[in-house]
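Reading the structure
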Amino acid sequence: MLEIIEDTIIDAIKLLPFLFITYLIMEYIEHKMGHKTKHAIKKSGKWGPIIGGILGAFPQCGFSVSATNLYAGRVITLGTLIAVYLSTSDEMLPIFISEAVSPIIILKILGIKLIIGIIAGTLIDVIAHIIRNKVLNKKQSTNNTVENEENEIGHICEEDHCHCNESGILKSAIHHTLSILMFIIIITFIINTAVHFVGEETIASWILNRSVIGPLIASLIGLIPNCAASVIITNMYLDKVISLGSMISGLLTGAGVGLAVLFKTNNKIKENIGILILLYAIGVISGIIIDLIGFTI
């Protein structure tokens, strides 16, 4: 139990700087930038999936949390968020390096995740843009844009009943950081406890030598809102317990605690569930295709 508590605290501390910087940026955008500047940030979203995919590939799960908060504030697009989730590496890279895996193989795996993330994110944004144009007329679209720019980032403050004013940006950022950090600690502790008692061997037996079922279950494991998911998936692949497709499926859906934070900060539950299903579907389909075509690295 002491080991579980220690791991939980360490995971939370790793996320602390990402949380604080993100909320500080969001508070600054909300209180210091005008509507035109906010609109410019949102319009730059067409490059978001590419930028998000690249940044998400770095070996940490903190950026998925940052991206989640930015999406909840409607600073970035859905496609950018998905690109970050899909490309996020979590603990995969450190494990590969510690096991002396060939740098070429590591780069290929990172490349697969990055390409899938960018393509999926871009397609999602394009489709969302087409649907939005069909549903909304120009007048409605203009009104909603202005309203969202004023209110979306601020809804996080409103939910916590915190008075966010221009002179209290730092104080507000600290408040939100500590609030989310406590939530993450609780979720992480519960998941670490569950993984400890279930065991990696039991989890591995669920997907051993199952070509189609493997990606289905691996993607489900990847959805566990904790960096431990990527550790389990990566170790099972290195031990030749699962296929390349299953590993890619699990790593694609492994967004760290980003998904848990999504349900905490984004008050649109149906939208959150839709994002969860979308992420899962992309992971499963990608893994099955990789196994079916016999792709190797």
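Keep in mind it's a predicted model, so treat the numbers as computed, not measured.

Analysis parameters
Residues numbered from 1 in each chain as written. Predicted model: local features only at pLDDT ≥ 70, side-chain atom pairs only at ≥ 80, totals over all residues. Heavy atoms only, no water. Helix = DSSP H or I, 4+ residues; strand = E, 2+ residues; numbered from the N terminus. Contact = heavy atoms within 4.5 Å. Areas by Shrake-Rupley, 256 points an atom, 1.4 Å probe, with all protein chains shown as cover. Buried < 20%, exposed > 50% of the residue type's maximum accessible area, 1.4 Å probe, protein only. Patch = residues over 30% accessible without salt bridge, like charges linked within 9 Å, V, L, I, M, F, W, Y side chains within 5 Å. Salt bridge = Lys/Arg side-chain N within 4 Å of Asp/Glu carboxyl O. pLDDT = per-residue confidence, 0-100. Phe/Tyr/Trp six-rings, centres within 6.5 Å; stacked < 30°, edge-to-face > 60°. Lys NZ or Arg CZ within 6 Å of the ring centre and 35° of its normal. Axes fitted to C-alpha atoms, helices over the stretch in contact; angles between N-to-C directions. Parallel < 35°, antiparallel > 145°, perpendicular 65-115°, else oblique. Left-handed = near helix turned anticlockwise from the far one by under 90°. Nonpolar A, V, L, I, M, F, W, Y, C, P; charged D, E, K, R; others polar.

Digging into the overall build of the protein
When its secondary structure is counted, the protein shows 16 helices and zero strands. Put simply, of all contacts in the protein between residues at least 6 apart along the chain, 82% involve residues at least 24 apart. Carbon and sulfur atoms make up 69% of the accessible area of the protein, which amounts to about 14700 Å² in all.

Structural notes on the side chain of Ser 246
Relative to the helices and strands, Ser 246 is located in helix α14 (residues 244-253). A relative accessible area of 1% places Ser 246 in the buried class. The contacts of Ser 246, once residues within four sequence positions are left out, are Gly 214, Pro 215, Ala 218 and Asp 291.

With respect to a nonpolar patch on the surface
A cluster of nonpolar residues, Met 1, Leu 2, Ile 5, Ile 9, Ile 13, Ile 186, Phe 189, Ile 190 and Phe 197, forms a patch on the protein surface that exposes about 940 Å² of accessible area. At the level of secondary structure, the elements contributing two or more residues to the nonpolar patch comprise α1 (2-32) and α10 (169-198). With respect to the element layout, Phe 197 can be found in helix α10. Taking the relative accessible area as the measure of exposure, Phe 197 reaches 60% and is therefore exposed.

Regarding the confidence of the model for the protein
When pLDDT is averaged across the protein, the result is 78; 75% of the residues are at 70 or more. For the protein, the element scoring lowest by mean pLDDT is helix α8 (residues 138-151), at 52; helix α16 (residues 269-292) scores highest, at 95. pLDDT under 50 marks residues 160-167. Its contacts with residues more than four places away, or in other chains, come to 15 contacts.

Digging into the pattern of salt bridges
Using the criterion set out here, one finds one salt bridge in the structure. Notably, a salt bridge pairs Glu 271 with Arg 74, separated by 2.8 Å at the nearest N-O pair. With a gap of 197 residues between them, Glu 271 in helix α16 and Arg 74 in the loop between α4 (62-72) and α5 (78-87) connect regions that are remote in the sequence. Residue Arg 74 is classed as buried on the basis of its relative accessible area of 13%.

Re the packing of aromatic side chains
How two aromatic rings sit relative to each other is given by the distance of their centres and the angle of their planes. The final tally for this structure, using the stated rule, is zero aromatic pairs. Above the ring of Tyr 71, the side-chain terminus of Arg 74 is found at 4.5 Å from the ring centroid.

Here's the deal with the packing of helix α7 (residues 103-135) against α14
Where α7 contacts α14, the axes come no closer than 11 Å and their chain directions differ by 55 degrees. By the criterion of interaxial angle, the relationship of α7 to α14 is oblique. In the packing of α7 onto α14, the handedness of the crossing is right-handed. Along the contact surface, α7 presents Ile 109, Ile 112, Lys 113 and Ile 116, while α14 presents Met 247, Ile 248, Leu 251 and Leu 252. Residue composition of the contact of α7 with α14, grouped by class: seven nonpolar, no polar and one charged.

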